[in-house]
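Residue-level structural notes
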Amino acid sequence: MPDDASYLLCAEDAAGAAFFLDAGASTCTTAENDGYWCSGAADDEKESAAAASFIAELIGGEADYSPRSDYPDQLRSRSVDPAARADSVAWILKVQVSYGFLPLTAYLAVNYMDRFLSLHRLPQEDGWAMQLLAVTCLSLAAKMEETLVPSLLDLQAESTRYIFEPQTILRMELLILTALNWRLRSVTPFTFIDFFACKVDPRGKHTRYLIARATQIILAALHDIKFLDHCPSTMAAAAVLCATGRGQQLLQTNAAAVEWQEGKHSRSS
């Protein structure tokens, strides 16, 4: 019998479990941790370097938890129905609000859906397959992040055209898990949002507001397929900068990121 970490995360080993649990933990949401990246430990040069290295390592692996690179083109060419995807995203966000799920739960559900659609075609007639996929992805995300998860029938109570039997959803869960190689502890914009918020607000005075506002921006961006061209870390940085109202800095940040990546590749070659 495997240990708890490997059993829950299946293909991910225990070291990976600890890595992503640490990565996903909020650092600015409690009085004790508010502004961890912004002051205290982050003032120490070694701790700051370690934090930057940790974030760089996350950035290096984020592509493993994103849809295939040609997925946005599949949506633009309509080989994957963008309207059906938009309806599914809207439904997932509606259920997230209705049940008070974490923003991360909604993001993960859409992430699983996009990753699956980038790998597999679904029958498009009547829309039942897409609805089943959306319900199943939200079920998986809720199991990953929520402490209280509604029944599979209750999960479908929010304006669904079809009602699927629990066994049908469970079979679909297995199909999705297999397609995603059981990698559900994804790197998302929420992995980086605290770090970037505290970089913008190093004293931590407005960090809570920045994180809350950036979270709203990230969820709103789920509707627009143009944002699928950008990786989670870029989305997090852009959302935080938008939350500050300093949109001009986004161009500078993108230019700095390109220079950093080019420098990294030249040093490794």
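Residues numbered from 1 in each chain as written. Predicted model: local features only at pLDDT ≥ 70, side-chain atom pairs only at ≥ 80, totals over all residues. Heavy atoms only, no water.

Looking up the protein in an unreviewed UniProt entry gives the name Cyclin-like domain-containing protein, with the organism given as Brachypodium distachyon. Reading the Sequence similarities (unreviewed entry) entry of the UniProt record for the protein gives the comment "Belongs to the cyclin family. Cyclin D subfamily." (UniProt positions renumbered as here; feature names shortened; annotations may be inferred.)

Some words on the nonpolar core
Ranked by size, the top nonpolar core spans 65 residues in total, and within it Ile92, Tyr112, Met113, Leu117, Leu133, Leu138 and Ile176 carry the most contacts. Looking at this core, the element that brings in the most residues is helix 7 (residues 128-145), giving 12 residues. Apart from the residues lying within four places of it in its own chain, the contact partners of Tyr112 are Cys137, Leu140, Ala141, Met144, Leu180, Leu184 and Ser186. (Core = buried A, V, L, I, M, F, W, Y, C linked by side-chain atoms within 4.5 Å. Buried < 20%, exposed > 50% of the residue type's maximum accessible area, 1.4 Å probe, protein only. Helix = DSSP H or I, 4+ residues; strand = E, 2+ residues; numbered from the N terminus. Contact = heavy atoms within 4.5 Å.)

So, the environment of Val110
Tracing the chain through its elements places Val110 in helix 6 (residues 103-117). It is 7.8 Å that separates the C-alpha atoms of Val110 and Ala134, two residues lying 24 residues apart in sequence. If sequence neighbours within four positions are ignored, Val110 has contacts with Arg85, Val89, Ile92 and Leu222.

Describing the packing of aromatic side chains
Per the counting criterion, the structure on display carries five aromatic pairs. Between Phe195 and Phe196 the ring centres are 5.6 Å apart and the planes differ by 70°, which places this aromatic pair in the edge-to-face class. Taken together through their ring pairs, the aromatic side chains of Phe192, Phe195 and Phe196 make up a single cluster. (Phe/Tyr/Trp six-rings, centres within 6.5 Å; stacked < 30°, edge-to-face > 60°.)

Focus on the packing of helix 11 (residues 207-221) against helix 12 (residues 232-244)
Between helix 11 and helix 12, the least distance of the axes is 8 Å, while the angle of their chain directions is 120°. The angle between helix 11 and helix 12 falls in the class oblique. Once helix 11 is placed against helix 12, the crossing between them reads as right-handed. Within the contact between the two elements, helix 11 uses Tyr209, Leu210, Arg213, Ala214, Ile217, Ile218 and Ala221 and helix 12 uses Met235, Ala239, Val240, Cys242, Ala243 and Thr244. (Axes fitted to C-alpha atoms, helices over the stretch in contact; angles between N-to-C directions. Parallel < 35°, antiparallel > 145°, perpendicular 65-115°, else oblique. Left-handed = near helix turned anticlockwise from the far one by under 90°.)

A closer look at helix 11
Between its first and last C-alpha, helix 11 extends 21 Å over 15 residues, near the 21 Å set by a 1.5 Å rise per residue. Of all the residues in helix 11, the buried ones are Thr207, Leu210, Ile211, Ala214, Thr215, Ile218, Leu219 and Ala221. Considered in projection along helix 11, the buried side chains sweep an arc of 160° and stay on one side of the axis. Where helix 11 is buried, its residues contact helix 5 (82-99), helix 6, helix 10 (189-200) and helix 12. (Expected span 1.5 Å × (residues − 1). Arc of directions from axis to C-beta.)

Overview of the packing of helix 7 against helix 9 (residues 166-179)
Helix 9 packs onto helix 7 with a crossing angle of 75° between their chain directions and a minimal axis gap of 9 Å. By the angle between their directions, the pair helix 7 and helix 9 is classed as roughly perpendicular. For the pair formed by helix 7 and helix 9, the contact residues are Leu132, Leu133, Val135, Thr136, Cys137, Ser139, Leu140 and Lys143 on the first element and Thr168, Ile169, Leu170, Met172, Glu173, Ile176 and Leu177 on the second. Among the residues forming the contact of helix 7 with helix 9, the class breakdown is 10 nonpolar, three polar and two charged. (Nonpolar A, V, L, I, M, F, W, Y, C, P; charged D, E, K, R; others polar.)

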